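# Per-entry structural report
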Amino acid sequence: MSPSAESVIGAARGEVGYHEGMSPSGHWNNIQKYSEEVPGLAWSNGEPWCATFVSWCAMTGDAADLFPRTASCGEGLDWFRRRGRGSDYPAVGAQVFYGVGGELGDGGHHTGVVYAYDATYIYTVEGNAQPLDAAVLTPRGYVRMGDIAVGDDVVDPAGMPSTVTGVFPKGTRKVYRVTLQDGSTTEACDEHLWGVEIDARKPRTVTTAELARVVASPNMRVRLPQIQPVEYLVDEPLPLPPYLLGALIGEGRMSGVGPHLTDLDAEASAALGGLGLWGKTAREVFIPEQYKRATVKDRLELLRGLMDTGGDIDAAGRIDFGSCCAPLAEDVGEVVRSLGGHTSLKTEANAACVPPACRLQNIDMPFHNPFAVPRKAERFRPRSGAWHRRVVSVEYLRDDEVQCIRVSAPSHLYVTDDFIPTHNTNQTGSAEGDGVYFKKRLRRDPYVFAYGYPAYPGGITSADPAWGGGPAAPPQVEQVSLARLQAAARADAPAPGTPMAYRAGTLLVERALVAEGLLDARYADGSYGTKTLAAYAAWQRRLGYAGGDADGIPGNDSLARLGAAHGFQVV
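Here the residue index of a chain counts from 1 through its sequence in written order. Per-residue local features of the predicted model are confined to residues with pLDDT of at least 70, and side-chain atom pairs are confined, for both listing and counting, to 80 or more; whole-chain, interface and lining totals are unaffected and use all residues. With hydrogens and water stripped out, all remaining heavy atoms of the structure feed into the side-chain values.

We now examine the sheet that holds strand β21 (residues 438-442). Taken in spatial order, the 6 strands of this open sheet run β1-β22-β2-β3-β4-β21, and their pairing is antiparallel. Either end of the sheet is taken by a strand with one partner, and the two such strands are β1 (86-87) and β21. Note: β1 against strand β22 (residues 448-452), 2 bridges, orientation antiparallel. Bridge assignment links S87 to a residue of β22, and that residue is Y451. Where helix α3 (residues 50-60) meets the sheet, it contacts β2 (95-98), β3 (110-117) and β4 (121-125), and its direction lies at approximately 50° from that of β3. Strands pair, by our definition, only if DSSP identifies at least two bridges between them. For helices the rule is a DSSP run of H or I covering at least 4 residues; for strands it is a run of E covering at least 2, with both sets numbered from the N terminus onward. By the convention used here, residues are in contact when the closest approach between their heavy atoms is within 4.5 Å. Fitting a line to C-alpha atoms yields each axis, with helices limited to the stretch in contact; the angle taken between N-to-C directions then spans 0 to 180 degrees.

Below you can see the structure in the form of C-alpha cells.
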C-alpha cells in the first residue's frame, strides 16, 4: 500500500467518532467542519456531506490532486471515469460510490473511502433509516416518522414506552416495501435494521437489503419478534362499556331497530350518537379512535364483544371475523394486533353484502382469549410463539428521503406500520448523516455501484484483473493499549474541555460501549471523559464487578472481554 493511500485512509480513520451538529429540536443538521476546511466547498455546509468528507480526507492526506474536490457523489464518479480510473472492483484507498437510479443517478447516492476488502466484504470509513412518511407507534398512537423528535416516547415490542434518544436524517435512499404473511406492510430503506429469526435459528440483526436476499432464497423462513399488548396512555373515560360497544358493532345495526337495542336508555343512545355510530348500518360501522387507543383491558373487552357477536371459532380452534364493512374489518385487525395477535384480511364475494364481504381469518391471540361466551371461549387455544410473523417479500419501490431513530429500549426495537417490530439505528452509519463511522458492506450488494481509483504514485492494491487483480487486503485486527487507555481514563475525565490523550484506542472502546447500549453515540468522540468513564463502569458492573473494581478505569479482564465481543485486541 503506497504512502499516499495510507495517508488518506489514516486521515479518514482519524475522524471516526466525529459528529455533525444538532439543532435545538434534537435533529442532526449536517453542520460540520469539513465544508469550511475544503477550499471552494464552504457553500455545502448544512447539506449532505459524505463527498465533502472524502475531499477533506484527500486534502488532509496530501492527495488532493488525486481525488475530485466536490460535494456531489455523481460528479465525483464522473471525475474518475473521465480519467479512465473507474472500476467495478474494490481497491485499498479507493473512493466507493453507492446507489442506482433515482434523481441522484447511478453512483450518486453516497460515498466513502475503502480501507480494506476481502472476497466477501468491503471495509470503509463513511449509513440505516425509514421513510419520513412511515408510521411510528407511540403511547398515544401512530406518528409520522418525519415528526419524531428526540425525547418523544415510542412503543417497543414489549408493549411499554421507550424514549427516542437520537434522530438522524439520511438524505435520499432506496426504499423497499416489506410485506408479512398476514398482509401487513411497511416501508424502509436499504440500510434500515431488522431483528429477525431465520429458520428458527439464533436471532440476528440484518439490513433491509440483506433481508431481501434472505427472503428471496428458496425455503428460507424469516420471522419477526412477538409484539406484546400495547399500553397506551389513556386520559379520557369511555362513554360506553367496551364490551357493550363491541357487541353492538358486531351486530352491525345502530339504527335503534331490533331487540338488541330495545333496552338502551337515552344516555346510551346519546353516547352512540356522540361516537358517530347512531344510525349507522352494517356497511357503515367502525371502531371509534378512543376505543382503539384504550387500555389493554378495555380493548380486550371491546374485542370480546365484537367476537361474541361477529366472530367464529371452529372445532379446531381456527378463528375469524366477518363483516360487510371493510373499514370495520381493518379496525378489528388493528385491535387484534395491538393486543399482540395477528390476522390476515380477505375479501370475498357474498350475495348478502354490497360491497363484498371482508373476513379476518386465522386470528391468532397468544395472550388473551378473544371470546367471552362459553360456547366459543371453551374452544380457544393459544397457538403462537415468541417469533410468529413471517416476512414473505421485500420489494424495491423508489428512492426517497429517509431518516432513522435511536431508542432507549434494551431491545433496540420500536414498532412501525401495522404493529411491525423493527430495529433502531446501530449508528455504524456514514459520514452523510450524524457522523463518521466504520462500515462493512457486502461487495455484491446492489447498492455498491462503482469505485474510483486515485493515481497513487506507488500504485494501488486492487481486486480488478485489469489493474493486476491483487489478493484480498483484509482489515487488520485493531489493537488497544491497556496502559495508554488507563492513562487516558485518569487524565481525560477530570480535565476541562475535550482532551484526547489516546483518541484511537478510546474510540474503539467507546464504539463498543455504544453497541452495548451503555454510551450515547454523541459521546463517542475519542475523549475518555466522564460519560465514557460512567459507561465503562456500567460495563464492569455488568460483568459482576463492584465498588472500586467498577470505577470506570479499564482492567485487563473487562477490556479483553469487551474486545472479544467487538473485534479489538488488548495489548
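Having seen the model, we can carry on.
We now examine unusual backbone geometry. For N219, which is not a glycine, the phi torsion comes out positive at approximately 65°. Inspection of the secondary structure puts N219 in the loop between α5 (208-216) and β13 (222-225). Buried, partly exposed and exposed residues are distinguished by accessible area as a fraction of the type maximum, computed with a 1.4 Å probe on protein chains only: under 20%, between the cut-offs, and over 50%, respectively. According to the relative accessible area criterion, N219 is exposed, its value standing at 74%. At F419, a residue that is not glycine, the phi angle is positive and equals roughly 60°.

Most of α3 is tucked away: 9 of the 11 residues are buried. Taken residue by residue, α3 has C50, A51, T52, F53, V54, S55, W56, C57 and A58 as its buried positions. Following α3 by one or two positions, D62 has its phi on the positive side, about 60°.

So, about the packing of aromatic side chains. What counts as a ring pair is set by centres within 6.5 Å for rings of Phe, Tyr and Trp (its six-membered ring), and what kind of pair is set by the plane angle: stacked under 30 degrees, edge-to-face over 60, tilted for all other angles. Following the criterion strictly, the structure yields 14 aromatic pairs and no others. Their ring planes at 65° and their centres at 6.2 Å tell us that F80 and F97 sit as a pair that is edge-to-face. Separated by 17 residues along the polypeptide, F80 in helix α4 (residues 73-82) and F97 in strand β2 bring together distant segments of the chain. A residue is classified by how much of its surface remains accessible, and F80, at 0% relative accessible area, is buried. Owing to a relative accessible area of 0%, F97 belongs among the buried residues under this scheme. The criterion is that NZ of a Lys, or CZ of an Arg, lies within 6 Å of the ring centre and within 35 degrees of the ring normal, and then a charge sits over that ring. Note that R13 overlies the ring of Y115, its terminal NZ or CZ placed 4.9 Å from the centroid.

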